[in-house]
Each structure stands twice: as structure tokens, then as C-alpha cells.
Amino acid sequence: MPKRRKKAARVLSAIGDLGRTALEVVKESSDAFPPLKSAAGFVQSTMNISQKLDAVKTTAARLSHESEKAQAELDKFHVDEAQGLSDNARIDLATLEQRLQSLQHGLTPILSARTSKRMVHLQRDQVILNQCQSELDDIRSSILVRALESF
């Protein structure tokens, strides 16, 4: 059964790609018939927005998962170095944990939003996701530095 589902998914994906290509051709070659060009452009734009909405949700889920992994790394410091942590190191770890919690809090509305709400906030959500990605990269770098210092 899983093979059939994979094949069906590939076929549907190919049909979607073919449809997008056909719309591009129709839109670009229908200058003589503006209503057709306009309709093809509308459908093409709708498909592009749909892809962006899917990308926002996928990216938010990926960032959430990666932030959970980063939290697990921070938790290891608490377990592995509970006795030997300086006050400054504890403050650094607490700050990193607060930053991760803030990041996860920022992702929650995107992950739980319905499609209509994601459509309304598409541009804003894309900006938030870019900021979350930068913040997560910075947090991971800090965790790596902390790990290297502990050796």
C-alpha cells in the first residue's frame, strides 16, 4: 500500500508541475486574448500563494523542531555540568533558555493558525520566520561555543 501512495503522490506532483507550466505558457502566449491571460495569471498567482502558505507552515514546523533540539542540548549542560557551573555560566544558560522559549512562543501562532489567517498574515509570518531562523542560528552558535568551552 505505501508504494501505491508514493506513486500516487508522484503522479499528482507531476500533474501539478505540468499544470503550472501550462499556465505559464498560456499566460505568456495569450496577448491576443486578454481575458484568458488575466484568468491564467489569477490562477497562477493563487497557486503561488498556496505554495508560500505551505512553505510558511513547513518552515515554522522545522524551526520548532530545531528549537526543541537546541533545548535538549541546553538540558544536557544542566545534567552534565550541574555541579561545576559558574554563576556566569548558569546565567548564560538561563538567557539562552529564555531566548529559545521566546522563539518557540513566536512560532506557536503560525503553527496553530488556520489557512485563512496565515493568508492574511503571510508577509508578516515570512518576516517572523526569517527573524526566528536568525535567532535560532545565533542560539545554536552560542550553545556550540559553550560546549567547546566545557572541554
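Just above sits the structure.
Residue numbering note: each chain is counted from 1, following its sequence as written. Local features are withheld for residues below a pLDDT of 70 in this predicted model, meaning they are given only at 70 or higher, and side-chain atom pairs are given and counted only at 80 or more; totals for whole chains, interfaces and linings count all residues. Only hydrogens and water are removed before side-chain values are computed, so all heavy atoms of the structure are retained for them.

Draft legend 1. How the structure looks around the overall build of the protein chain. Secondary structure summary: the protein chain contains five helices and zero strands in total. Helices (α) and strands (β) of the protein chain occur, in sequence order from the N terminus, as α-α-α-α-α. For the radius of gyration, the atoms used are the C-alpha atoms, and the globule rule reads 2.2 Å times the number of residues raised to 0.38. Relative to the 2.2 N^0.38 estimate, which gives 15 Å for 151 residues, the radius of gyration of the protein chain is 23 Å and therefore markedly larger than a compact globule would have. Overall, the C-alpha framework of the protein chain stretches about 75 × 40 × 25 Å when taken along its three principal axes. Buried positions account for 25% of the 151 residues belonging to the protein chain. Note on contacts: a residue pair is in contact if any heavy atoms of the two residues lie within 4.5 Å. Nonlocal contacts in the protein chain, meaning residues at least 24 apart in sequence, comprise 69% of its contacts between residues at least 6 apart. Note on areas: Shrake-Rupley with a 1.4 Å probe; residue coverage comes only from the protein chains shown. When the accessible area of the protein chain is evaluated, it comes to approximately 10500 Å², of which 59% is carbon and sulfur surface. Secondary structure elements follow DSSP: runs of H or I of four or more residues count as helices, runs of E of two or more count as strands, with numbering from the N terminus. Exposed residues in this analysis have more than 50% of their type's maximum accessible area, buried residues have under 20%, and partly exposed residues fall in between, with area computed by a 1.4 Å probe over protein chains only.

Draft legend 2. Region of interest: helix α3 (residues 87-112). Multiply 1.5 Å by the residue count of a helix minus one, and that product is the helix's expected span. Between the first and last C-alpha of α3 there are 37 Å, a value that for 26 residues agrees with the 38 Å anticipated at 1.5 Å per step. Residues of α3 that are buried: Ala-89, Leu-93, Leu-96, Glu-97, Leu-100, Leu-103, Leu-107 and Ile-110.

Draft legend 3. Broad picture of the side chain of Ser-64. Within the secondary structure layout, Ser-64 lies in helix α2 (residues 34-80). Among residues more than four places away in sequence, those in contact with Ser-64 are Leu-107 and Leu-111.

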